Amino acid sequence: MTTPVAVTTRSSPAEKLGGSMADQESSFPAPHAQFRGRCRRLGGLQPSCPELRTELNLLLDQLISENYSGAEIRPEEICTLLTQASRLVPPSQEHLVVKLCQLIHQLLNQLQVIVDEPTLDTLVSYTCQALYSCSPWTHPEVLLAMSALVYANGPQCKRHLPELLGPSGLLMRYSAPSQPDMELRQAAVHCMSSLCMGLPGKPCLEQPYRGVCFKTFLQTLQCPRPPEGDDIVYCMLLQSALKGLQYYLNGEKWSSGPDDLLGSILGILKKFMFFGVPGVIEEVPPVLYPAPLSQYDSVTVVKSSTAAPQDTPEAGRVSAVVPWAGQEVWSGGEKERGRRCTGGKRGGANKGPSLRQMEPQRGHAGKNQARVRLSSLHCFLSLLKCVEKRVLFGYWSSFLPDAPTPGSASTLTLLTIVLKDPSPKVRAGSLQVLSALLDGSRGFLSTAEDVSVPRQAFTPLSATLAASLRELHRSLSLALLAESSPHTLTQVIKCLAHLVCNVPYQRLRPGLLSPLWKQIRPYIRHRDVNVRVSCLTLLGALVSAQAPLTEVAQLLKSGDGGGASEEGPCWLLQLCMCLVTKPRDGAHSDSDSATSPAHRNGPADKSQVMCMTMLLGLTYGGNSAAAVRALGVYVLFPCLQEDVMFVVDAANAILACLTDCSSNVRTMAAWSLGNLADTLIVNMELLRSEVSDLLLLKMLTAATQASRDKDRVKSNAVRALGNLLYFLGPEQIVRPQFSSPIEEAMHALTSTVCSDVTMKVRWNACYGLGNAFRNPSLNLGSASWSADAFSALTGAVASCRNFKVRINSAAALSVPPLRQNYGDAAQFARVWQALVEALEGSVDSADFLEYRYSSSLRTQLCQALLHLLSLCQPEDLAGLTPSLSGHVGSSLVQHLTEDGSPAAEGKDGAVLQGRVQVASEALVRLREFSGQTHADTLVDFLEDVLRSLPGDRSAPF
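By the naming in an unreviewed UniProt entry, the chain is HEAT repeat-containing protein 6, taken from Denticeps clupeoides.

This is the structure:
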């Protein structure tokens with residue numbers, strides 16, 4: 001986007017347009033010289049000239065006839081030209097007004113110029129005056145010029161907003177459903193869309209005018225189609241409304257409001273995703289409601305008399321798709337050749353054709369309908385970015401397929417578009433939406449399961465999700481076979497990669513990955529480089545499945561031809577090494593160095609040195625993100641964890657990547673640093689004596705700095721910090737050079753637990769504090785940072801709405817092994833009270849997604865409370881006893897004696913037996929305090945707990 005440059009000169013219009021450029025004209029090639037010559041002629045005209053109208057008519061025609069795309073014309077020249085022309089063309093000369101409006105639209109559109117504020121004020125005032133005084137036939141062209149002027153300039157139009165968007169504003173009148181002229185209505189909606197367009201980092205259109213436009217867009221999309229009207233203009237009206245809705249959503253963070261508003265938007269988008277598809281009549285409800293099962297979709301599949309002939313280019317594509325049982329195959333439509341409508345950049349696609357360009361398009365209704373469908377999908381993408389994913393999970397059944405039922409009518413889903421839409425751009429857009437839905441859905445999909453025998457009385461959500469995931473694999477595999485467009489094929493493979501990254505294959509019946517693996521192999525040698533890169537991304541996702549899968553291990557052992565190959569490195573490793581060492585056509589990507597969790601023992605010996613050397617070198621090259629990620633996997637291999645030289649080299653390479661200017665590289669480096677810190681803990685005895693103080697200091701400092709980076713970097717940086725603090729030996733902690741870095745590291749962890757960051761970052765920070773507490777040399781309890789650390793953890797365990805954060809904070813609070821680590825009696829009491837409050841609140845959650853963690857939270861809280869009881873001293877008793885009597889005390893006994901969810905824990909009562917042991921040992925200690933104030937209260941409390949717990953008691957009552 002070209003940045004507007006303000007016109008600061010104060011010379012006359014003639015001097016601005018011509019005087020300073022007279023000597024330079026010979027150096028400008030056409031059309032530059034022609035443009036500047038005509039600018040000088042226009043600047044020399046005065047309102048009193050006798051031939052003014054004739055001269056203006058000729059100059060405007062000449063200026064309009066030029067093609068300015070790519071011309072090197074300065075923005076201030078355009079602003080000055082248009083301002084001067086508006087002074088010379090009175091509103092009474094309607095033909096000249098139309099030509100001037102056409103010139104405004106053409107110059108701003110082709111040269112992608114956003115006018116400066118003085119020019120904007122002058123020309124918007126001029127166009128408003130023209131709408132008041134000129135005949136109705138001129139109004140569409142005037143509005144088209146206005147839309148070009150206000151594009152991404154909404155905040156600068158404050159003076160004109162009441163006149164345009166007030167209760168009786170110009171745009172409100174022209175955009176109303178009662179407006180009989182559809183062309184005028186489309187131009188007004190398009191102008192409102194331009195007002196809502198915002199640039200990154202710039203303010204958006206202010207309220208209430210932003211809300212007024214939003215309501216207009218929804219009203220336009222919800223209104224039925226007028227019985228009379230041009231098909232092309234109606235498609236343009238829908239595109240303008242959808243584009244305006246997209247611009248509105250781009251600048252919004254969806255807040256919780258009426259559910260039917262989100263459902264209404266989703267219903268609109270789903271309706272227009274299928275607009276004009278040959279052979280389909282849309283019957284989408286006006287409002288979609290969140291539901292676990294698909295119950296609203298219905299579609300009537302008919303043979304359309306307007307369907308394209310079977311010998312069209314796209315007809316052959318549809319015939320390659322295998323239909324579902326009971327499902328008719330739609331006929332192919334005309335191949336999409338139109339421009340792709342994208343938001344954010346100024347261009348012809350955003351402005352729409354002018355009135356002079358409409359007539360040749362009358363025979364291209366199919367293309368315009370495809371543009372409507374694509375605009376709807378782009379709007380859906382913007383909605384996905386501004387609405388929390390967990391809010392959208394309830395609507396998945398409206399957009400993703402269930403298992404096909406023989407004899408039943410098929411429902412309209414995103415996969416329907418992928419398999420059936422005649423436009424490759426629309427198919428690609430649908431795949432982008434599907435990828436966005438799947439991205440980050442691992443937690444939601446983790447409930448899917450079809451391994452056990454299904455229940456007959458009802459279909460649980462786990463089985464429904466499992467059936468949907470199987471149908472997604474099947475449908476995308478069909479799309480992979482049927483797709484002929486390289487761009488769309490790339491999107492199919494990327495979508496498969498997103499699917500593979502989020503599916504819990506260990507909870508599903510085996511067999512989903514093997515067909516996909518075999519199907520993707522031929523595309524590795526595809527002629528299109530983007531297809532090859534996406535194949536490597538998918539293969540990386542396959543070998544990085546959530547758990548080491550036997551199915552993946554067998555696939556890696558298979559030879560390049562599909563047979564077993566037990567000797568030498570697997571074919572995928574050979575392929576990646578070949579691509580990295582001998583790149584062709586830039587075909588390698590961040591997934592070329594794919595490594596498999598199924599091969600945790602590391603690569604074969606004969607290729608080990610080559611792989612290690614190659615990756616260490618690539619971290620300093622142009623593919624740092626992929627290489628440093630691969631190093632993060634390598635440091636987890638047992639065969640390399642004891643290789644001190646490799647660990648040191650990997651640490652230096654990772655530290656170099658942590659300072660990279662690319663956030664993606666820093667994210668991968670932070671993840672690898674976290675893995676490296678895990679390796680240091682695993683081999684602490686060996687590596688403590690081998691890793692130098694200087695390297696440890698660098699790692700600690702780098703992790704602390706990374707904890708102030710973006711959340712994606714921060715989440716792994718705080719994980720690494722905890723392990724690094726745990727790894728420090730007593731001889732290093734007492735050295736002066738480590739004093740300040742340790743303080744800063746603990747402050748980074750503490751502040752992160754309390755800060756307004758993503759929950760993943762917070763629970764990793766809690767996890768990091770728990771690991772730091774394991775180092776006895778850090779003097780927990782007496783160190784200056786101890787009080788802040790306990791304060792952060794107690795606040796998180798008692799009040800954080802995310803149960804995983806509370807679980808990790810409770811786990812951290814139960815780590816210190818000695819009573820002195822908890823500080824004085826007052827601090828010990830605060831920790832106890834926070835844990836009691838957290839246990840009381842563990843049964844209440846406003847978010848149903850947190851409910852599945854409630855049992856684990858209660859288990860961890862009970863463990864922490866019993867741990868404190870086992871450490872308490874006589875001076876602590878007064879701070880504990882208030883919560884051991886009355887309703888709170890009875891509730892504590894109940895929680896401590898509940899088995900929670902043994903099936904979920906998978907421990908078959910081991911948790912309760914552990915509680916019995918800890919409680920019995922604590923009871924023995926507390927009886928030693930007999931006779932002291934409050935001691936009997938704690939003894940009675942523990943005896944009540946032990947009476948209710950199963951198992952043998954070593955202590956008598």
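After that view, the rundown keeps rolling.
A word on helix 38 (residues 759-773). Because each turn of an α-helix spans 3.6 residues, side chains separated by three or four positions end up pointing in the same direction. Between the first and last C-alpha of helix 38 there are 21 Å, a value that for 15 residues agrees with the 21 Å anticipated at 1.5 Å per step. Of all 15 residues in helix 38, 13 are buried, a share of seventy percent or more.

Glancing now at the pattern of salt bridges. Under the definition given, this model contains 20 salt bridges. Residues Lys714 and Asp711 are paired through a salt bridge, measuring 4.0 Å at the closest nitrogen-oxygen approach. In this pair, Lys714 and Asp711 both sit in helix 35 (residues 711-727), three residues apart, roughly one turn of the helix. A salt bridge links Arg947 to Glu943, with the nearest nitrogen and oxygen atoms 3.8 Å apart. Taken together, the residues Arg947 and Glu943, both in helix 47 (residues 935-948) and four residues apart, mark about one turn of the helix. What you see here is one network of salt bridges that share partners, running through Arg927, Glu943, Asp944 and Arg947.

Moving on, we get to the nonpolar core. Leu165, Leu171, Leu383, Leu572, Leu725, Phe773 and Leu835 are the most contacted members of the largest nonpolar core, which has 301 residues in total. Among the elements that line this core, the one with the most residues is helix 12 (residues 231-250), at 11 residues.

Its location among the elements puts Leu261 in helix 13 (residues 259-273). Judged by its relative accessible area of 29%, Leu261 is partly exposed. On a C-alpha basis, the gap between Leu261 and Leu288 in space is 9.4 Å, while along the polypeptide they are 27 residues apart. For Leu261, the residues in contact, after removing those within four places along its chain, are Phe214, Leu218 and Trp254.

Here the focus is the packing of helix 12 against helix 17 (residues 365-386). In the contact formed by helix 12 and helix 17, the axes pass within 9 Å of each other and the chain directions differ by 15°. When the interaxial angle is binned, helix 12 and helix 17 end up roughly parallel. When you trace helix 12 past helix 17, the crossing you get is left-handed. Residues Ile232, Cys235, Leu238, Gln239, Leu242, Leu245, Gln246, Leu249 and Asn250 of helix 12 pack against Ala365, Asn368, Gln369, Arg371, Val372, Ser375, Ser376, His378, Cys379, Ser382, Leu383 and Cys386 of helix 17.

Structurally, Arg719 is set in helix 35. Along the sequence, Arg719 and Trp763 sit 44 residues apart, while their C-alpha atoms lie 9.3 Å from each other. Excluding residues that lie within four positions of it along the chain, Arg719 makes contacts with Trp671, Gly674, Asn675, Asp678, Asn764 and Tyr767.

On to the packing of aromatic side chains. Scanning all chains against the criterion turns up 11 aromatic pairs. Aromatic pair Phe393 and Phe444: ring centres 4.2 Å apart, planes at 5°, arrangement stacked. A residue pair is termed long-range when its members are at least 10 positions apart, and Phe393 in the loop between helix 18 (389-392) and helix 19 (414-420) and Phe444 in helix 21 (residues 442-445) qualify at 51 residues. The structure contains a cluster of three or more aromatic residues connected by ring pairs, namely Phe773, Phe790, Tyr822 and Phe828. Above the plane of the ring of Trp671 lies Arg629, whose end atom (NZ or CZ) is 5.6 Å from the centre.

In this section: the side chain of Ser441. In this structure, Ser441 sits in the loop between helix 20 (424-438) and helix 21. Ignoring sequence-local partners within four residues, the contact set of Ser441 consists of Phe393, Trp396 and Asn502.

Residue Pro208 follows Gln207 across a cis peptide bond; omega there is 5°. Within the secondary structure, Pro208 is located in the loop between helix 10 (182-196) and helix 11 (209-222). Positioned with a positive phi, Gln112 is a non-glycine residue whose angle comes to about 55°. On the secondary structure map, Gln112 appears in the loop between helix 5 (94-111) and helix 6 (117-133). The residue Asn779 is not glycine, and still its phi comes out positive at about 60°. Tracing the sequence through the fold places Asn779 in the loop between helix 38 and helix 39 (786-799). A relative accessible area of 46% means that Asn779 is categorised as partly exposed.

Turning to the confidence of the model for the chain, a few remarks are in order. Per-residue pLDDT for the chain averages 79, and the proportion of residues at 70 or more is 79%. Predicted confidence in the chain is weakest over helix 14 (residues 315-319), with a mean pLDDT of 34, and strongest over helix 20, with 95. This model gives residues 900-908 a pLDDT under 50, and the stretch forms eight contacts once residues within four places in sequence are excluded. This stretch, residues 952-957, has a pLDDT under 50; its non-local contacts, to residues over four places away or in other chains, come to 14 contacts.

In this fold, Cys872 is placed in the loop between helix 42 (854-871) and helix 43 (877-880). Along the primary structure Cys872 and Arg925 are separated by 53 residues, whereas in three dimensions their C-alpha atoms are 9.1 Å apart. Excluding its chain neighbours within four sequence positions, the residues that come into contact with Cys872 are Phe828, Leu877, Leu880, Arg925, Leu926, Phe929 and Leu938.

About the cut-offs
- Residues numbered from 1 in each chain as written.
- Predicted model: local features only at pLDDT ≥ 70, side-chain atom pairs only at ≥ 80, totals over all residues.
- Heavy atoms only, no water.
- Helix = DSSP H or I, 4+ residues; strand = E, 2+ residues; numbered from the N terminus.
- Expected span 1.5 Å × (residues − 1).
- Buried < 20%, exposed > 50% of the residue type's maximum accessible area, 1.4 Å probe, protein only.
- Salt bridge = Lys/Arg side-chain N within 4 Å of Asp/Glu carboxyl O.
- Core = buried A, V, L, I, M, F, W, Y, C linked by side-chain atoms within 4.5 Å.
- Contact = heavy atoms within 4.5 Å.
- Axes fitted to C-alpha atoms, helices over the stretch in contact; angles between N-to-C directions.
- Parallel < 35°, antiparallel > 145°, perpendicular 65-115°, else oblique.
- Left-handed = near helix turned anticlockwise from the far one by under 90°.
- Phe/Tyr/Trp six-rings, centres within 6.5 Å; stacked < 30°, edge-to-face > 60°.
- Lys NZ or Arg CZ within 6 Å of the ring centre and 35° of its normal.
- pLDDT = per-residue confidence, 0-100.

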